[in-house]
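# Topology and contacts: notes
Listed below are the residues making up each chain.
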Amino acid sequence: ILELEMLIQNAPIMREQHRTVTKKLEEVTTRIAAVQARVPLDADAGQFLKEVTKLASEEQFAIKDFTPDKPQEHNGYAELPVTLKGSGSYASICRFLDRLSKLGRLSKVKDLSLSAEGDASEYPMTATLVIYFGLRGKQAVKPPQEERRG
């Protein structure tokens, strides 16, 4: 009986904790869904290049080279490093990088080097971008396993 009385006394606190945890779970679930929407199943570097080229053109940033590297498999996802070389004014590079971070496709700038010679108005830039794909988890469809013959 004493244990039941304690449970009854703690019920309001337990309900509030349940509401708090439920709200946090909903927030996390929403954030996960937003990330999943930004990560395609395939690397599709060509489509990414198309989007990046459009962005660069709009910001007066000239892409000189776009070289995808080998895809890298990780636990739950894969990534494709891409080397991007180009040039533009300091302002155009800043605008380009800002808009790159806002693309629908999840990517990140891993390395960036910018150089300047004298009073140049154009700055050469080399960046390693990482594009993510192949997100795997509970919702991912697993490929059928091969039948073993003994």
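Residues numbered from 1 in each chain as written. Predicted model: local features only at pLDDT ≥ 70, side-chain atom pairs only at ≥ 80, totals over all residues. Heavy atoms only, no water.

## Quick word on the pattern of salt bridges
Just so we agree on the cut-off: We count a salt bridge whenever a side-chain nitrogen from Lys or Arg sits within 4 Å of a carboxyl oxygen from Asp or Glu. Starting at the N terminus, helices and strands are each numbered in turn, a helix being any DSSP run of H or I of at least four residues and a strand any DSSP run of E of at least two. Type-normalised accessible area, obtained with a 1.4 Å probe on protein chains alone, sets the label of each residue: buried when under 20%, exposed when over 50%, and partly exposed for intermediate values.
A full pass over the atoms with the stated rule returns 6 salt bridges. For E16, the salt bridge goes to R19, with nearest N and O atoms at 3.1 Å. Remark: R19 and E16 occur in helix α1 (residues 2-37); sequence separation between them is 3 residues, near one turn of the helix. Taking relative accessible area as the criterion, E16 reaches 41% and is therefore assigned partly exposed. As a salt-bridge pair, E59 and R95 come within 2.6 Å of each other at their nearest N and O atoms. Separated by 36 residues along the polypeptide, E59 in the loop between α2 (45-58) and β1 (62-68) and R95 in helix α3 (residues 90-101) bring together distant segments of the chain. Judged by its relative accessible area of 10%, E59 falls in the buried class.

## Quick look at α1
The condition that has to hold: To estimate how far a helix should reach, multiply one less than its number of residues by 1.5 Å. One axis fitted to the seven residues ending at a residue, another fitted to the seven starting there: the angle between these axes is the bend at that residue.
In this model, α1 (36 residues) spans 51 Å end to end at C-alpha, consistent with the 52 Å of a helix rising 1.5 Å per residue. A11 marks the point of greatest bend in α1, at about 50°, and the proline P12 comes within the next four residues.

## Some points on the packing of aromatic side chains
This is how the line gets drawn: Only centres within 6.5 Å qualify two rings of Phe, Tyr or Trp (six-membered ring in Trp) as a pair; their planes then separate them into stacked at under 30 degrees, edge-to-face at over 60, and tilted for everything else.
If you walk through the whole model with that rule in mind, you get 4 aromatic pairs. A centroid spacing of 4.6 Å and a plane angle of 20° characterise the contact between F61 and F96, whose relative ring orientation is stacked. In this pair, F61 is assigned in the loop between α2 and β1 and F96 in helix α3, connecting sequence segments 35 residues apart. Taken together, a centroid distance of 6.4 Å and an interplanar angle of 75° make the contact between Y90 and Y123 edge-to-face.

## Details of the environment of A120
Its place among the elements puts A120 in the loop between β4 (107-114) and β5 (123-133). Residue class for A120 comes out partly exposed when judged on its relative accessible area of 25%. For A120 and Y90, which are 30 residues apart along the polypeptide, the C-alpha to C-alpha distance reads 9.9 Å.

## What to know about the side chain of S87
The test is simple: Polar contacts, as used here, are pairs of N or O atoms within 3.5 Å; protein pairs need one atom able to donate a hydrogen and one able to accept it. Residues neighboring in sequence count only if both atoms are side-chain atoms. In what follows, residue pairs with any heavy atoms lying within 4.5 Å of each other are defined as contacts.
With respect to the element layout, S87 can be found in strand β3 (residues 77-88). Separated by 3.2 Å, the side chains of S87 and K64 make a polar contact. Each residue touching S87, except ones within four places of it in the same chain, is listed here: Q60, F61, A62, K64, E122, Y123 and P124.

## As for the nonpolar core
The cut-off we apply is this: Within this scheme, the nonpolar core is defined by two criteria: the residues are buried Ala, Val, Leu, Ile, Met, Phe, Trp, Tyr or Cys, and they are joined through side-chain atoms within 4.5 Å.
With 22 residues, the main nonpolar core has F48, F61, L80, L84, F96, L100 and M125 as its most contacted residues. At the level of elements, α2, β3, α3 and β5 are the ones that each hand at least two residues to this core. The contacts of L80, once residues within four sequence positions are left out, are A43, A45, P68, D69, K70, P71, L129, V130, I131 and F133.

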